[in-house]
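Structural overview for review
Below, each chain spelled out in residue letters.
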Amino acid sequence: MIGRVVIKPTIPRSYKELLDAILTERIKYVGKVLIDGVGARGSQLWVHGEVQVTIPLDIYYEHMAKHKRNSGKLIGGVDVNTDRFNLAIIDKEGRLIDHRTFWFSEVSARGFPRHSAWSIIGMRIHEMLDYAYHHGVKVLFLENPDVLGRLRLMWVRGGDRKHENYNYKVMTFRGSIIEKIAMKAPLYSIRVSYVNPKGTTNSKKHDELMKKHGLDRHTASAYLTALKGLIHQQK
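So, a few notes on the structure that sits alongside this text. (Residues numbered from 1 in each chain as written. Predicted model: local features only at pLDDT ≥ 70, side-chain atom pairs only at ≥ 80, totals over all residues. Heavy atoms only, no water.)

1. Re the side chain of Arg124
Relative to the assigned elements, Arg124 resides in helix H3 (residues 114-134). A polar contact of 2.7 Å, which involves the side chain of Arg124, links it to the backbone oxygen of Trp103. Apart from residues lying up to four places away in sequence, Arg124 is in contact with Phe85, Phe102, Trp103, Phe104 and Glu106. (Helix = DSSP H or I, 4+ residues; strand = E, 2+ residues; numbered from the N terminus. Polar contact = N/O pair within 3.5 Å; in protein donor to acceptor, adjacent residues only side chain to side chain. Contact = heavy atoms within 4.5 Å.)

In structure tokens, the structure reads:
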């Protein structure tokens with residue numbers, strides 16, 4: 001005997017407008033259902049999983065935008081690590097206006113669920129972008145993930161680290177976070193650009209910024225990333 005059970009998914013409030021647009025405007029999409037658990041409690045069937053929908057990016061930005069206008073004039077720089085990202089905000093003169101650290105250290109614990117990890121990181125990305133928007137950031141500079149990957153690979157091959165597989169995973173993880181920040185930034189009307197990461201972590205200038213402003217090394221890297229972006233923007 002073959003039967004059908006209709007299950008109504010739980011839809012987050014923030015996605016309602018987007019989903020309504022997909023259904024009413026007949027936007028083409030690719031959908032799939034991922035089920036990671038099924039069972040019964042008494043006479044009630046339960047299913048746990050996700051409904052995933054792929055749509056054009058411009059449709060996503062149109063209906064999911066948090067802020068459609070940005071009157072800010074400041075510049076932000078971000079340093080991404082496996083347990084946090086640091087934001088530094090500067091003005092057009094290169095002066096440090098503000099800085100903040102956004103932590104997600106719990107996701108680095110051994111055996112932490114991958115899906116839960118990316119959910120937490122996603123929340124921190126939105127917190128950071130919301131903070132940047134409300135503190136006047138118009139342009140956000142990130143380390144170029146392609147260049148970062150090549151530099152990291154050279155470092156691994158150079159024999160400076162014994163655990164090459166670990167370093168490869170770190171490189172990939174950081175690059176993925178940078179890409180997600182770049183994808184979410186337009187939702188806050190923040191423009192993203194990239195800088196070459198060379199020298200943002202280990203350099204004389206980096207050490208000088210740490211001492212001058214009393215910054216930790218990650219915040220100093222974010223500051224230096226913003227400064228490199230400012231120089232690139234002025235050319």
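2. Notes on the sheet that holds strand S4 (residues 84-90)
Strand order in the open sheet formed by five strands is S5-S4-S3-S6-S7, and the pairing between neighbours is mixed. With one partner strand each, in any of the chains shown, strand S5 (96-103) and strand S7 (191-195) form the two edges of the open sheet. Neighbour to neighbour, the strand axes of the sheet diverge by 25° on average, direction disregarded. Bridge analysis of strand S6 (residues 137-143) against S7 gives five bridges, and the strand direction is parallel. Among the inter-strand pairings, Leu142 is bridged to a residue of S7, identified as Tyr194. Of the strands in this sheet, strand S3 (74-80), S4, S5 and S6 are in contact with H3, which crosses S4 at around 10°. (Pairing = 2+ DSSP bridges. Axes fitted to C-alpha atoms, helices over the stretch in contact; angles between N-to-C directions.)

3. Some points on the pattern of salt bridges
Evaluation of the coordinates by the stated rule reveals five salt bridges. Ionic pairing is found between Lys16 and Asp20, a salt bridge with its closest N-O pair at 2.9 Å. Of this pair, Lys16 and Asp20 both sit in helix H1 (residues 16-24), four residues apart, roughly one helical turn. Residue Lys16 is classed as partly exposed on the basis of its relative accessible area of 49%. We note a salt bridge from Glu143 to Arg174, for which the minimum N-O separation is 3.1 Å. With a gap of 31 residues between them, Glu143 in strand S6 and Arg174 in helix H5 (residues 164-184) connect regions that are remote in the sequence. Judged by relative accessible area, which is 3%, Glu143 ranks as buried. A relative accessible area of 7% places Arg174 in the buried class. (Salt bridge = Lys/Arg side-chain N within 4 Å of Asp/Glu carboxyl O. Buried < 20%, exposed > 50% of the residue type's maximum accessible area, 1.4 Å probe, protein only.)

Purely spatial values, then, with no claim about function.
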